[in-house]
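Letter by letter, the chains look like this.
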Amino acid sequence: MENHAGTPVYVHAKACVIDDVWAAVGSDNINLRSWSHDSELGCVVLDEDADPRAPHDPAGLGDGARVFARELRLRLAREHLDEAEPAAGAPDPLCDPVRAFDAFAAAASALDAWHDGGRRGPRPPGRLRAYRPPELSPLARRVSMPFYRLLVDPDGRPMRLRLRKAF
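Residues numbered from 1 in each chain as written. Predicted model: local features only at pLDDT ≥ 70, side-chain atom pairs only at ≥ 80, totals over all residues. Heavy atoms only, no water.

Novice: Before we move on, could you go through the overall build of the protein and cite the residues and values that matter?
Specialist: Looking only at helices and strands, one finds five helices and three strands in the protein. The secondary structure elements of the protein, listed N-terminal to C-terminal, are β-β-α-β-α-α-α-α. Taken along its principal axes, the extent of the C-alpha atoms in the protein is 60 × 50 × 25 Å. Taking all 167 residues of the protein together, 25% fall into the buried category. (Helix = DSSP H or I, 4+ residues; strand = E, 2+ residues; numbered from the N terminus. Buried < 20%, exposed > 50% of the residue type's maximum accessible area, 1.4 Å probe, protein only.)

Right, dumping it as structure tokens:
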């Protein structure tokens, strides 16, 4: 993510929406350090109110989309894509998860191309960029992994449990 000036933005908050049914917002990361060493906060919402917009059951599991989870996903999507909310009563194309994903990919691709082309012309809408993970050589990975496990993602279990591979 970046702001409109092209400066990368660090966001510590996390949001997770699953099938427009379940939503979680918080600061915890999905790693052992976050769950065992750091002070983190999270909130999960399972709304009872069904969302009347299609698709009614995106996962096909019978849960049905819920208002809070879908609205959270749509608001974040519109913010990251620089899209306005559709007019009242108009269908929202981002309700369809596949179309939303395609919109994210297209926006990131356009913004990457604009940067790669020297930032000429008007800046494309959106704040998303493609993430390209750094490539580590096998030797660098072998040398760095013990430090990663010890310092970045430590295992908070007592030694007895670790040796038994138990939790």
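Alright, that's what it looks like, and here's the rest.
Novice: Explain the environment of Gly156 residue by residue, including any values.
Specialist: In this fold, Gly156 is placed in the loop between α4 (138–152) and α5 (159–164). Among the residues examined, Gly156 registers a relative accessible area of 44% and is labelled partly exposed. Those residues in contact with Gly156, other than ones at most four positions away along the chain, are Ser36 and His37. (Contact = heavy atoms within 4.5 Å.)

Novice: Could you give me a rundown of the side chain of Asp112, with the residues and numbers involved?
Specialist: Here Asp112 is to be found in helix α3 (residues 97–116). A relative accessible area of 5% means that Asp112 is categorised as buried. Ignoring anything within four residues of it in the chain, the contact list for Asp112 reads Arg129, Ala130 and Arg132.

Novice: Help me get a handle on the nonpolar core, residues and values and all.
Specialist: Looking at soluble globular proteins, one finds that nonpolar side chains tend to be buried together. Ranked by size, the top nonpolar core spans nine residues in total: Leu74, Ala77, Leu81, Leu94, Cys95, Ala100, Ala107, Ala108 and Leu128. Counting only elements with at least two residues in this core, the list comes to α2 (67–81) and α3. When residues no more than four places from it in sequence are discounted, the contact partners of Ala108 are Leu128, Arg129 and Ala130. (Core = buried A, V, L, I, M, F, W, Y, C linked by side-chain atoms within 4.5 Å.)

Novice: How would you sum up α2? Please name residues and give values.
Specialist: With 15 residues, α2 extends 21 Å from end C-alpha to end C-alpha; this agrees with the ideal 21 Å at 1.5 Å per step. Along α2, the residues classified as buried are Ala69, Arg70, Glu71, Leu72, Arg73, Leu74, Ala77, Arg78, His80 and Leu81. Next to the buried residues of α2 lie β1 (14–18), β2 (22–26) and α3. (Expected span 1.5 Å × (residues − 1).)

Novice: Which residues make up the side chain of Arg73, and what are the values?
Specialist: Tracing the sequence through the fold places Arg73 in helix α2. Judged by its relative accessible area of 16%, Arg73 is buried. A polar contact is formed between the side chain of Arg73 and the side chain of Asp20, at a distance of 2.5 Å. Excluding anything up to four places from it in sequence, Arg73 contacts Val17, Asp20, Leu94, Cys95, Pro97 and Ala100. (Polar contact = N/O pair within 3.5 Å; in protein donor to acceptor, adjacent residues only side chain to side chain.)

Novice: Explain the pairing of β1 to me, using residue names and the numbers behind them.
Specialist: Side chains on a regular strand alternate between the two faces of the sheet. Relative to β2, β1 runs antiparallel, the two being bridged by five bridges. Bridge assignment links Ile18 to a residue of β2, and that residue is Trp22. Hairpin connection, β1 to β2: the antiparallel pair is bridged by three residues, and Asp19 has positive phi, about 55 degrees. (Pairing = 2+ DSSP bridges.)

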